[in-house]
Amino acid sequence: MRSSTPVMITVAVLAPLALCGLLVPFRADVVSTNAALLLVLVVVGVAATGNRLAGVGAALAGALWFDLLLTAPYGTLAIANRDDIETAVLLVLVGLAVTEIALWGRRQQSRSSRREGYLAGVTAVARTVASGESSLPELVERVGRQISDVLDLDACRFDPGPVDGAVRLFRDGAVTWSGHEVDVEREGLPTMDEISLPVEYGGASYGHYVLTSSTAVRRPDREQLAVAITLAEQVGAALSARRTETTP
C-alpha cells in the first residue's frame, strides 16, 4: 500500500463534502443532476490517481454527501425522488469504473516501461559481447545481476559445471521440478530448491546460472523468463567466442 494512501483517502472523503457544502445554499435552485455532474468531476479527479481505495472512497463519499446535503429530505439517507436515487447510484458506478480504468492504464504503462528496461538490458549485454569491452568474469557477473533483477531473485551466481539441480529453467520458458512442469505464474518459482538456468550457445553447454528464490514466492511471467534466458544465451555466446579464440 502506498504511503500516500491515508492522505488520498482523506481527500477522497472531504473533497465531495466540500463541494456539497458549497452547493447547499443553492440546492433549491440547482438541478440535482447538475450537482451530481460536478461531483463526478471531483470523483473522477480522485479516481484518476489510480489509488483504488481513494477512488472507491470518493465514489461512496460523493453519493453519501449528495444524498445527505443535496436531495430531499435533507439531512437523512432517504431519497424521495426516484431520479435522485438513480443519480446517486450512477455516481458510485462512474467512480468505480474510472478507478479501475485508471489502474488498468497505470498497469499498462508500468508494463511498457518494464519492457523497455528489459530490451535496454539485453541490448547492452549484446553490445558488450560484440565489442569485447568487458572481461568475461565481469560480463558473467553483470548478467547475473540483471537476471536477478528481472526475476526479483534473492541471488544469482554462475556455475561453470554441469546442470545437476532438481529445478531447471528451459529455453522455452518452462520450469520443471524433478521432471514435472511448474505453473510459475500461478504457483511461483520453487523456493525449496535452487533453480538451474543453463548457459548454452550453438548446442554446447558452458555452465549454468544458479537462481535462488527462497525468501518469497516470485511469479515472473513468460516475458520475464524469456529475458532471463536471452541474457544467459548472451553469456553463452561470449564463452563460445572465447573458446573459439583459445582453440588451436
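None of the values given here were measured: they were computed from a predicted structure. (Residues numbered from 1 in each chain as written. Predicted model: local features only at pLDDT ≥ 70, side-chain atom pairs only at ≥ 80, totals over all residues. Heavy atoms only, no water.)

(A) The overall build of the protein, seen in detail. In terms of regular secondary structure, the protein is built from seven helices and six strands. Overall, the protein shows an N-to-C arrangement of helices and strands of α-α-α-α-α-β-β-β-β-α-β-β-α. Burial status across the protein gives 40% buried among its 248 residues. Long-range contacts, defined here as pairs at least 24 residues apart, represent 70% of the contacts in the protein between residues at least 6 apart. In the form shown here, the protein has an accessible surface area of approximately 13,600 Å², with 59% of it arising from carbon and sulfur atoms. (Helix = DSSP H or I, 4+ residues; strand = E, 2+ residues; numbered from the N terminus. Buried < 20%, exposed > 50% of the residue type's maximum accessible area, 1.4 Å probe, protein only. Contact = heavy atoms within 4.5 Å. Areas by Shrake-Rupley, 256 points an atom, 1.4 Å probe, with all protein chains shown as cover.)

(B) View of the packing of helix 2 (residues 32-47) against helix 3 (residues 52-70). At their nearest, the axes of helix 2 and helix 3 sit 9 Å apart, and the two run at 160° to each other. Taken together, the axes of helix 2 and helix 3 lie roughly antiparallel to each other. For helix 2 against helix 3, the interelement crossing comes out right-handed. Contacts from S32, A35, A36, L39, V43, V46 and A47 of helix 2 reach helix 3 at A54, G55, A58, A59, G62, F66 and L70. Of the residues assigned to the contact of helix 2 with helix 3, the class counts are eleven nonpolar, three polar and no charged. (Axes fitted to C-alpha atoms, helices over the stretch in contact; angles between N-to-C directions. Parallel < 35°, antiparallel > 145°, perpendicular 65-115°, else oblique. Left-handed = near helix turned anticlockwise from the far one by under 90°. Nonpolar A, V, L, I, M, F, W, Y, C, P; charged D, E, K, R; others polar.)

(C) Structural detail: the pairing of strand 5 (residues 195-201). Of all seven residues making up strand 5, five are buried, and the element is well covered by its neighbours. Here strand 2 (residues 167-169) runs beside strand 5; their pairing, made up of two bridges, is parallel. Each residue of the ladder has a partner; that of V167, found in strand 5, is I195. Across six bridges, the pairing between strand 5 and strand 6 (residues 204-212) is antiparallel. (Pairing = 2+ DSSP bridges.)

(D) Broad picture of the pattern of salt bridges. As enumerated under the stated definition, the model contains nine salt bridges in all. Note that D152 is salt-bridged to R218, the shortest N-O span being 3.8 Å. Remark: R218 occurs in the loop between strand 6 and helix 7 (222-246) and D152 occurs in the loop between helix 5 (136-151) and strand 1 (155-159); sequence separation between them is 66 residues. A relative accessible area of 48% places D152 in the partly exposed class. For E181, the salt bridge is made with R222, and the minimal N-O distance between the two is 3.5 Å. Residue E181 is located in strand 4 (residues 180-182), and its partner R222 is located in helix 7; the two are separated by 41 residues in the primary sequence. Overlapping salt bridges, with partners in common, bring together D152, D154 and R218 in one network. (Salt bridge = Lys/Arg side-chain N within 4 Å of Asp/Glu carboxyl O.)

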